[in-house]
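Architecture and fold: a report
Each chain, letter by letter, is given below.
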Amino acid sequence: MELEDAVLEDIYSWVDQHRLSRPKRNIARDFCDGVLIAEIIHQHQPKLVELHNYTPVNATKQKMENLYLLNRRVFSKMKFELSDEVICAVAYCKPYAIEKVLLFLRSRLETFNNKEWAHTSYLKFNLDQKTVPLLDPPEQEFQNQLPQNCDQPEADQSTLSSANLVMFFPLMLTMLTVF
């Protein structure tokens, strides 16, 4: 489900209002490790986020670990959580996933900043932008295991990924030494 252009421009301008540690080039890639999300929350509510816990990473597993850490430590204090589907979509840079998360996050930050917190219910955010109210925050500890049902994007054959380069580089070295 795509978002309207006006909503996207609104989200992008809201993101541009924040001082971030790295420039915004491709919003899906820039936000997929959770670091910039943590920085935005830190600018609104510094006591909620300890930025040293979130390190920029490239591996999808570490991206998801950062997002699960945000889910457990920060989002739970803001009375919401991201579903596994949303975390996978953000970590794999699925189109419009981060925009939907940022739209929801902005509304939660506005609620938090306006001190309307006592009257809000605990929500679970899904990609279809439907929030499911939960009676109580989940008592279970978030699992350290990453979900196995994440749909990985199909590999683009026109570019070499870092995994392909790791496999390709030794092959090139052996070819160069032979000739």
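Residues numbered from 1 in each chain as written. Predicted model: local features only at pLDDT ≥ 70, side-chain atom pairs only at ≥ 80, totals over all residues. Heavy atoms only, no water.

As named in an unreviewed UniProt entry, the protein is Flagellar 1-like isoform X2, taken from Octopus vulgaris.

Attention shifts here to the overall build of the protein. Along the protein, the regular secondary structure elements total 7 helices and 3 strands. Reading the helices (α) and strands (β) of the protein from amino to carboxyl end gives α-α-α-α-β-α-α-β-β-α. Per-residue burial over the protein gives 40% buried out of 179 residues. Sequence separation of at least 24 residues holds for 61% of the intrachain contacts in the protein that already meet a minimum separation of 6. (Helix = DSSP H or I, 4+ residues; strand = E, 2+ residues; numbered from the N terminus. Buried < 20%, exposed > 50% of the residue type's maximum accessible area, 1.4 Å probe, protein only. Contact = heavy atoms within 4.5 Å.)

Here the focus is the packing of aromatic side chains. In the structure shown here, the tally under the stated rule is 2 aromatic pairs. The interplanar angle of 25° and the centroid separation of 4.6 Å between the aromatic rings of Phe 75 and Phe 80 together place this pair among those described as stacked. Neither Phe 75 nor Phe 80 differs from the other in exposure class; each is buried. With a centroid separation of 5.0 Å and 80° between ring planes, the pair formed by Phe 80 and Phe 104 is classed as edge-to-face. Linking Phe 80 in strand 1 (residues 80-82) with Phe 104 in helix 6 (residues 97-113), this pair joins segments that are 24 residues apart in sequence. (Phe/Tyr/Trp six-rings, centres within 6.5 Å; stacked < 30°, edge-to-face > 60°.)

Another aspect to go through is the packing of helix 3 (residues 35-44) against helix 6. Taken N-terminus to C-terminus, the directions of helix 3 and helix 6 make an angle of 15°; their axes are 11 Å apart at the nearest point. Considered as vectors, helix 3 and helix 6 are oriented roughly parallel to each other. Here the hand of the crossing between helix 3 and helix 6 comes out right-handed. In contact with Ile 37, Ile 40, Ile 41 and His 44 of helix 3, helix 6 contributes Ile 98, Leu 102, Leu 105, Leu 109 and Asn 113. (Axes fitted to C-alpha atoms, helices over the stretch in contact; angles between N-to-C directions. Parallel < 35°, antiparallel > 145°, perpendicular 65-115°, else oblique. Left-handed = near helix turned anticlockwise from the far one by under 90°.)

The subject of this paragraph is the state of the cysteines. Per the counting criterion, the structure on display carries 0 disulfides. For the unlinked cysteine Cys 32, the closest cysteine sulfur is that of Cys 93, found at 3.9 Å. (Disulfide = S-S within 2.5 Å.)

Take unusual backbone geometry next. If a residue is not glycine, its phi is most likely negative; likewise, a peptide bond is most likely trans. Positive phi, normally seen in glycine, also occurs at Cys 93, with a value near 60°. Summarising the element assignment, Cys 93 is placed in the loop between helix 5 (84-91) and helix 6. With a phi close to 70°, Tyr 96 is a non-glycine residue in the positive phi region. Mapping Tyr 96 onto the fold places it in the loop between helix 5 and helix 6.

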